[in-house]
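For reference, the chains in residue letters:
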Amino acid sequence: MAESDVALQRPSELRHHFDDVVQQREASTLGMWAFLATEVLFFGGMFCAYTIYRSAYHGAFESTSQFMNVTIGGINTGVLICSSLTMALAVRAAQLGQKKPLIWLLILTLVLGGVFLGLKGVEYHEKYVEHHVPGPGFRYAEAQYAHQAELLFFLYFAMTGLHALHMIVGAGLITTLIVMAARNRFSAGWYTPVDMIGLYWHFVDIVWIFLFPLLYLIGHTK
Amino acid sequence: MSHPVVPIKVYVAVFLALITLTVTTVGVSKLELGEFNFVAAMTIAVVKAMLVVLFFMHVKQASTMTKLFVVAGFFWMAILFVFTLSDYFSRGWLPGGKWW
C-alpha cells in the first residue's frame, strides 16, 4: 500500500530507474560530460599535431599565416559567441517552461550557426581559388616552403573541417529540438535534450575559441 | 533542484566579456611582442573557455562528480600534450641521437 502511494507521487517525467528528478538530471549531465571528455581528447590530438608541426616548420608557419583571413575568422568568432548566448538563453527558457521564447531562441541559434558555416564556405572557396587546398592542385608561391606549407594547410582544413562537421551535426540536433519543442515535448520538469545539446553547442564554441587564435592570430605579425 | 535558473544579466555579462576578450586578442595580435604574442593569445583563450564552461555550461553550479569529470577530460588532454611534446622536443638530447 505504502509503495503504491509513493509511486503515485512520482512526477510523470521521472523514469522508474531513478530515485528522484535531481538524480535523473545528474545522470544525464554526467554522461554528457563523459562524452565531452572524449571530444576534448579527440580535438586534443589534432591540437597536439598542430603544436608539433608549428614548432618544427616555424618558417613555413609564418609564411602560411599571412593567407589566413583574420576578418572572416574574427567575425565568425563573434557569431559563435552570439549563438552560445542564444543557446544559453534557450536552455533558460526551457527551464522556465516558456515554449515560444525557447523555439525562437533555438531558431536564432540555428541561423547564427548557418551564418558561421556560410562564412566558412566563403573562406574555403578563397583557399580553393588561391590553390591552397592540399592535393594535386596545390600551388605555393614560396617554393622552399611548398611541402611544409601543404602540410600546414592540411592541418588547417582538418581542424576547421572537423569543427565545421560538429557544427553541422549541432545544427541537425537543434532542428530536432525545434520540432520537439513545437510538439510540446518539453516542460519545466523535463527538458534534458535542450540542456544536453546546449552543452554540446558550447563545447563546439570552446573548440573555436582555441582554433581562432592558433590558426589566425599567432604568427600574424612577423 | 540543483539547477537554479540563472538571471539573464549573468549570461549577458559573460557574453559581453567574451566579445571584449575577442576584440582584445585581435588587438594584441597586431602588436610586436615576440613570444609573448603566443602567451597572451593562449591566456585570453583559456579565460574565454573558462567563462563558457563555468557559466554557459553551468559547471559552476554542478555537482562535485560532474566537476571531477570536467577536470579529468582536460587533465587527460594535458597528459597527451606533456608526453607527446616531451618526446618530440627532447629528441637529440642524448649523444648520437638525431633531430627527427
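It should be noted that the structure appears before, not after, this text.
Residues numbered from 1 in each chain as written. Chains lettered and ligands numbered in written order. Predicted model: local features only at pLDDT ≥ 70, side-chain atom pairs only at ≥ 80, totals over all residues. Heavy atoms only, no water.

A. Focus on the environment of A:Leu112. Residues and elements named next belong to chain A. Along the chain, the position of Leu-112 falls in helix H5 (residues 99-129). Judged by its relative accessible area of 18%, Leu-112 is buried. Each residue touching Leu-112, except ones within four places of it in the same chain, is listed here: Val-79, Cys-82, Ser-83 and Thr-86. (Helix = DSSP H or I, 4+ residues; strand = E, 2+ residues; numbered from the N terminus. Buried < 20%, exposed > 50% of the residue type's maximum accessible area, 1.4 Å probe, protein only. Contact = heavy atoms within 4.5 Å.)

B. Structural detail: the pattern of salt bridges. Residue and element names in this part refer to chain A. Going through the model one piece at a time under the given rule, you end up with 2 salt bridges over all chains. Ionic pairing is found between Lys-120 and Glu-123, a salt bridge with its closest N-O pair at 3.2 Å. Taken together, the residues Lys-120 and Glu-123, both in helix H5 and 3 residues apart, mark about one turn of the helix. By relative accessible area, Lys-120 is classed as buried at 2%. (Salt bridge = Lys/Arg side-chain N within 4 Å of Asp/Glu carboxyl O.)

C. Structural view of a nonpolar patch on the surface. Residues A:Leu41, B:Val71, B:Phe75, B:Trp76, B:Ile79, B:Val82 and B:Phe83 make up a contiguous nonpolar surface patch of roughly 710 Å² in combined accessible area. The leading source of residues in the nonpolar patch is helix H3 (residues 64-90) of chain B, at 6 residues. Looking at the element boundaries, B:Phe75 is found in helix H3. Its relative accessible area of 48% is what places B:Phe75 among the partly exposed residues. (Patch = residues over 30% accessible without salt bridge, like charges linked within 9 Å, V, L, I, M, F, W, Y side chains within 5 Å. Areas by Shrake-Rupley, 256 points an atom, 1.4 Å probe, with all protein chains shown as cover.)

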